[in-house]
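# Understanding the architecture of this molecule
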Amino acid sequence: MNVCWMKFLCLIKIVNMDFGLISVRYARALLKASLEAKLEDKVYAEMQTLSASYIKVPDFRFTIDNPMFSKKRKKDLFIIALGGDPCKLTQVFIDLVLKEERENMMQFIANSYITLYRKNKNLIRAKLLTATAVSPSTEQRLRQLVESKTNGNVEFETEIKPEILGGFIIEYDTYRMDVSVKSQLNSILSQLK
């Protein structure tokens, strides 16, 4: 490999590392400010909404990164992507991000904030997949099961996936318990081959 190419690859790694470090620093500062203002839960919900906006509207990132758009228009877009009525702290933070021309990092800042918030609150994210809706009492028992295994608070998301036919799949951290009818049928089919 030629020397120029190696220097270029090193530069890309440094830029990516700086990008990640800078995003985490901004997220830490936002978390610290939100904890002091006792707005961390509100900011957490807003950062989740913003993160989801980046996923749901892929052109959002390209618009925010476009240097032809004014800071005012970008702020207006951020306000909409944050749910339309973000708290004053989040608005001030968006102003800072735009002033420092870090808007291209906002998706990473939002995701870093979400991660830092969950760590600070000892919050575990769990997902329950079922073929049909489950009763609130069943959902609560599964939530308690995950809480007992993780010694943390659980942010529980339930999703209905008819294709699993019956049973359920529960995922948290790196753990996955699959007792769905579909996986059991697939297991039987693989044994018959």
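Computed from a predicted structure; not experimentally measured.

What follows covers the confidence of the model for the protein. Mean pLDDT over the protein stands at 84; residues scoring 70 or higher make up 90%. Across residues 4-17 the pLDDT falls below 50, and counting only partners more than four positions away or on other chains, this stretch makes two contacts in the model.

So, on to the packing of aromatic side chains. Applying the stated criterion across every chain yields a total of six aromatic pairs. A ring pair is formed by Tyr26 and Phe93, whose centres lie 6.2 Å apart and whose planes are at 70 degrees; its orientation type is edge-to-face. Here Tyr26 is found in helix 1 (residues 3-36), whereas its partner Phe93 is found in helix 5 (residues 88-99), with 67 residues between them in sequence. The burial state of Tyr26 is the same as that of Phe93; both residues are buried. Geometrically, the ring pair formed by Tyr113 and Tyr117 is stacked, given 6.3 Å between the ring centres and 25 degrees between the ring planes. Of the two residues, Tyr113 and Tyr117 both sit in helix 6 (residues 106-120), four residues apart, roughly one turn of that helix. The residues Tyr113 and Tyr117 share a single accessibility class, namely buried.

Strands in a sheet are paired, the pairing made by backbone hydrogen bonds, and the direction either parallel or antiparallel. Pairing in this open sheet of four strands is mixed, and the strands run 2-1-3-4 from one edge to the other. Two strands bound the open sheet, and with one partner strand each, they are strand 2 (153-160) and strand 4 (175-178). The mean inter-strand angle of the sheet, taken between neighbouring strand axes irrespective of direction, is 15 degrees. Here five bridges tie strand 1 (residues 123-130) to strand 3 (residues 168-172), and the two strands are oriented antiparallel to one another. From the neighbouring strand, Leu129 faces strand 3, where its bridge partner is Ile169.

With that settled, the discussion passes to the side chain of Glu103. Note that Glu103 resides in the loop between helix 5 and helix 6. For Glu103, the side chain forms a polar contact with the side chain of Lys74, separated by 2.9 Å. Those residues in contact with Glu103 that sit more than four places away from it in its chain are Tyr54, Ile64, Asp65, Lys74, Phe78, Val97 and Leu98.

Attention now goes to the pattern of salt bridges. Per the stated rule, a full pass over the model turns up 16 salt bridges. For Glu40, the salt bridge is made with Lys121, and the minimal N-O distance between the two is 2.9 Å. With Glu40 in helix 2 (residues 40-56) and Lys121 in the loop between helix 6 and strand 1, this pair connects stretches of sequence that are 81 residues apart. The salt bridge involving Lys75 is made with Asp95; its shortest N-O contact spans 2.9 Å. In this pair, Lys75 sits in helix 4 (residues 71-81) while Asp95 sits in helix 5, placing the two residues 20 residues apart along the sequence. Each of Arg118, Arg125, Glu155 and Glu157 takes part in one network of salt bridges that share partners.

Counting residues in each nonpolar core, the largest one holds 30 residues, and the members touching the most others are Met47, Leu50, Phe78, Met106, Ile109 and Tyr113. Of all the elements in the fold, those that place two or more residues in this core are helix 1, helix 2, helix 3 (59-65), helix 4, helix 5 and helix 6. Broken down by element, the residue count for this core peaks at seven residues, all from helix 6. Among all residues touching Tyr113, those that are not within four sequence positions of it are Ala27, Leu30, Leu31, Ser34, Glu40, Val43, Tyr44 and Met47. Core analysis: the second largest hydrophobic core is formed by nine residues, Leu128, Leu142, Phe156 and Ile170 among them.

About the criteria used
- Residues numbered from 1 in each chain as written.
- Predicted model: local features only at pLDDT ≥ 70, side-chain atom pairs only at ≥ 80, totals over all residues.
- Heavy atoms only, no water.
- pLDDT = per-residue confidence, 0-100.
- Contact = heavy atoms within 4.5 Å.
- Phe/Tyr/Trp six-rings, centres within 6.5 Å; stacked < 30°, edge-to-face > 60°.
- Helix = DSSP H or I, 4+ residues; strand = E, 2+ residues; numbered from the N terminus.
- Buried < 20%, exposed > 50% of the residue type's maximum accessible area, 1.4 Å probe, protein only.
- Pairing = 2+ DSSP bridges.
- Axes fitted to C-alpha atoms, helices over the stretch in contact; angles between N-to-C directions.
- Polar contact = N/O pair within 3.5 Å; in protein donor to acceptor, adjacent residues only side chain to side chain.
- Salt bridge = Lys/Arg side-chain N within 4 Å of Asp/Glu carboxyl O.
- Core = buried A, V, L, I, M, F, W, Y, C linked by side-chain atoms within 4.5 Å.

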